[in-house]
Amino acid sequence: MTRIYTGIAALAVLAACGGSSNPFTSTTGGTTGSSGIEVPAAIANDLDSLNYDAANRTLTVSGLTQDGVPLVNTYNFVSEGQQVLTTSTGQSYTAYINGYTTFTAQNDPLGRHATAFVASREGVQAGVVLTGGQFGDFFGGTFYERTGTYTAPVAPEGRFDVTYHGTYAAGLNGPGPVTDLLPINPALDPDVNTPNQAAYVRGLIFVNVDLNDMSVEGEIYNRTAVFQSGVVSPVPGDAPDDVQFAALPDIFLVEGTLEDDGSFAGVTDDDDGEIDTNGTFAGVIGGPNGESMVGGTSLTDFVDQLDNEIEYGVFVLDLCQAGDTDPICLNAQP
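Residues numbered from 1 in each chain as written. Predicted model: local features only at pLDDT ≥ 70, side-chain atom pairs only at ≥ 80, totals over all residues. Heavy atoms only, no water.

This part takes up the sheet that holds strand β4 (residues 72-74). Spatially, β2-β3-β4 is the arrangement adopted by the 3 strands of the open sheet, whose pairing is antiparallel. The sheet terminates laterally at β2 (49-53) and β4, the two strands that pair on one side only. Pairwise comparison of adjacent strand axes, ignoring direction, gives a mean angle of 15 degrees for this sheet. When strand β3 (residues 58-62) meets β4, the two strands line up antiparallel, connected through 3 bridges. By the bridge assignment for β4, T60 is matched with T74. (Pairing = 2+ DSSP bridges. Helix = DSSP H or I, 4+ residues; strand = E, 2+ residues; numbered from the N terminus. Axes fitted to C-alpha atoms, helices over the stretch in contact; angles between N-to-C directions.)

It is worth spelling out the state of the cysteines at this point. Enumeration according to the criterion identifies 1 disulfide in this entry. What pairs with C320 in a disulfide is C329, and their sulfur atoms sit 2.1 Å apart. Here C320 and C329 share a disulfide; its torsion about the S-S bond, -75 degrees, makes the bridge left-handed. (Disulfide = S-S within 2.5 Å.)

This part covers unusual backbone geometry. For the bond running from N185 to P186, omega is 5 degrees, close enough to zero to count as cis. Along the chain, P186 falls in the loop between β13 (161-175) and β14 (198-210). With a phi angle near 70 degrees, Y96 is a residue other than glycine that sits in the positive phi range. Relative accessible area serves as the criterion here: at 6%, Y96 is assigned to the buried category. Unlike most non-glycine residues, F135 shows phi in positive territory, near 60 degrees. Structurally, F135 is set in the loop between β10 (124-131) and β11 (137-138). (Buried < 20%, exposed > 50% of the residue type's maximum accessible area, 1.4 Å probe, protein only.)

Printed below as a string of structure tokens:
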């Protein structure tokens, strides 16, 4: 069991600025999926596995916060993609993350609150789960898996490289907006350490795969953290009163190696002009024709104005193919 302090310093200058519904029915344990693909320990962290049924909007999570106990928790469906939420002051903001289904779980008003972002494509699924901080700790991690064997994607004629694109979702070890906590009644002594919801990160991502030299690289960009009000420095007009946003640096995926089974792994570097790895990424290519990619990240120390920041992320991506109109794909397949 990994326990990590959730301390996060107030920001000084950081300002705001469709896939398949095939369910996965395996109930695998540990960090190895149904096709034998292993999720690296740094990315899986406390999470053993997840079982997401997109058609019926159900999610079960195994291993979170447990130490060798195969407890399976059923999470509650919250949102399909983004949705508009209203704060306590009557203001509205866009919550959660496009491309991912949001689930939450909390057993009782004094128990830990967990948030999960999950998505699937034909032959693959992935998700990230993170609890809010309580008692100075948080728990979480990423899980992904593939069903079936690996079929390599086909590169455009005369080329050896392909590009995947989509949205990125992550949990962050800071206090997030209070949207789903069970009410505490009667009131407690203010010294009682009550649960928080986890902050989260949304962004965009593209990944290039060279099928000739078996290398993988890419970028997570347009990254925005969603915090509880008061965590970041106030900026007029930044956000509604109960929530604040913070722009985060882009993350480069570098030194990735594609294996013969379609799995890959590499390290991450933040966009600060220096070469200094700050985490890892890994994933797997799936689908009947290699048209899907799923994976996860584990990132630390990517913002100078944050203290002990830790992020676990997930990506569920589509292969750029002829006829795609996304700007990434129009440039990747000129």
